[in-house]
Amino acid sequence: MNRNVLGAYYRAELAHRLTAMGFQLRKHGTSFEIVGVPQDLLIACSTRRVEILAYLNEQGRSGPVAAAVATLKTRQTKAELPPRAELFERWQDFNRDFGFDDVRAIMDPERPKRPGTMQQALDAAIARLAAEESHFTKTDFLAAALQEAPTRGLNALTLLHEAHEFLERSSVVRSVTSSTVVATSPPEAHDLFDLGSHQGHQRFTTREVLEEEQALLQTIESLKDRKGARDPDQLV
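Parameters and conventions
Residues numbered from 1 in each chain as written. Predicted model: local features only at pLDDT ≥ 70, side-chain atom pairs only at ≥ 80, totals over all residues. Heavy atoms only, no water. Axes fitted to C-alpha atoms, helices over the stretch in contact; angles between N-to-C directions. Helix = DSSP H or I, 4+ residues; strand = E, 2+ residues; numbered from the N terminus. Left-handed = near helix turned anticlockwise from the far one by under 90°. Contact = heavy atoms within 4.5 Å. Nonpolar A, V, L, I, M, F, W, Y, C, P; charged D, E, K, R; others polar. Salt bridge = Lys/Arg side-chain N within 4 Å of Asp/Glu carboxyl O. Buried < 20%, exposed > 50% of the residue type's maximum accessible area, 1.4 Å probe, protein only. Phe/Tyr/Trp six-rings, centres within 6.5 Å; stacked < 30°, edge-to-face > 60°. Core = buried A, V, L, I, M, F, W, Y, C linked by side-chain atoms within 4.5 Å. Pairing = 2+ DSSP bridges. Polar contact = N/O pair within 3.5 Å; in protein donor to acceptor, adjacent residues only side chain to side chain.

Two elements in contact, helix H6 (residues 118–132) and helix H8 (residues 156–168), have axes separated by 10 Å at closest approach and are oriented at 65°. Classified by chirality, the crossing of H8 by H6 is right-handed. Between H6, through Met118, Gln119, Ala121, Leu122 and Ile126, and H8, the contact on the second element is made entirely by Thr158, Leu159, Glu162, Ala163 and Phe166. Across the contact of H6 with H8, the residue classes break down as 7 nonpolar, 2 polar and 1 charged.

In structure tokens form, the structure reads like this:
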């Protein structure tokens, strides 16, 4: 399984268990934070993120690709970890330095659980991916769906299975020819269209993006047919 999907799965499952224990979570980028943990403690614990942001700022770069490069460039060889009991003691001392010494203060096992739906998570994942790129891979979609799980109280394994089913259902996954959409069933709220394989990865897009690109291509073809019009391919 793709490491991005594995990472998203781990965080989704962790969030599900934390929620069951009575913690309240809030979305933070593609991950989550525990409500009630002091912000200065969160920042102090995010030393890797600080290193990566400093490297990006120094290089004058931004974006996910640059961040991935920065992650590799700033990675240090990990020393041998001490025993778990010693780690827990260190962490507790570190938390106390920030005035956070009783985790029970932010736990409420009786807090009403208001889980979102699987479809809400899938719709949010599609909307976010479509806003970032014109097409995306299957693993992009699976990771994005799992990233929507933490604040919705959804089980990671169930959501992953639902995301797979969503891609495979004939009512949602449709094929595309070079000139038009081939729909095998009535349109859904969020259609995904299979664009085929590119560089070894199956790729998908949404109905909205596909229709916009096809409208643009039709406009270009109509300009070519106009008498005296210059070939758009020759325009700079």
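This part takes up the pattern of salt bridges. All told, the structure shown has 8 salt bridges when counted by the stated rule. Between Asp102 and Arg104 there is a salt bridge, with its nearest N and O atoms 3.0 Å apart. Taking the relative accessible area as the measure of exposure, Asp102 reaches 30% and is therefore partly exposed. The exposed category is assigned to Arg104, whose relative accessible area is 64%. One connected set of salt bridges, linked through shared partners, spans Lys27, Arg128, Glu148 and Arg152.

For the rest of this paragraph, the subject is the packing of aromatic side chains. Considering all chains together, one arrives at 3 aromatic pairs under this definition. Aromatic pair Phe94 and Phe98: ring centres 5.3 Å apart, planes at 50°, arrangement tilted. We classify Phe94 as partly exposed; its relative accessible area is 33%. Aromatic side chains Phe141 and Phe166 sit 5.7 Å apart centroid to centroid with 25° between the ring planes, which places their arrangement in the stacked category. Residue Phe141 is located in helix H7 (residues 138–147), and its partner Phe166 is located in helix H8; the two are separated by 25 residues in the primary sequence. Judged by relative accessible area, which is 3%, Phe166 ranks as buried.

Glancing now at the nonpolar core. Among the nonpolar cores identified, the biggest contains 25 residues, and Leu122, Phe141, Leu146 and Leu159 are the most heavily contacted of them. Looking at this core, the elements with two or more residues in it are helix H1 (3–21), H6, H7 and H8. Those residues within four positions of Phe141 in sequence are excluded, and the remaining contacts are Leu122, Ala125, Ile126, Leu129, Phe136, Ala163, Phe166 and Leu167. Counting residues in hydrophobic clusters, the runner-up holds 10 residues, among them Phe23, Phe32, Leu41 and Ile106.

Before going further, it helps to examine the pairing of strand E7 (residues 201–206). With 2 bridges connecting them, strand E3 (residues 136–137) and E7 associate as antiparallel partners. Across the sheet, the residue bridging to Phe136 is Phe204, located in E7. Both strand E6 (residues 192–198) and E7 contribute to a ladder of 6 bridges, which runs antiparallel. Its bridge partner being in E7, Phe193 is matched across the sheet by Thr205.

Moving on, we come to the side chain of Glu148. Note that Glu148 resides in the loop between H7 and H8. Within the local environment of Glu148, its side chain forms a polar contact with the side chain of Arg152, the two groups lying 2.8 Å apart. Setting aside its immediate chain neighbours within four residues, Glu148 contacts Lys27, Ala121, Ala124, Ala125 and Arg128.

Turning our attention to the environment of Gln120. Structurally, Gln120 can be placed in helix H6. With 29 residues separating them in the primary sequence, Gln120 and Ala149 have C-alpha atoms 9.6 Å apart. Of the polar contacts made by the side chain of Gln120, one reaches the backbone nitrogen of Thr117; its length is 3.0 Å.

In this section: the environment of Ala66. Positionally, Ala66 belongs in helix H4 (residues 64–73). Taking relative accessible area as the criterion, Ala66 reaches 4% and is therefore assigned buried. Separated by 11 residues in sequence, Ala66 and Tyr55 place their C-alpha atoms 9.8 Å apart. Contacts of Ala66, omitting those with residues within four sequence positions, involve Leu56 and Arg61.

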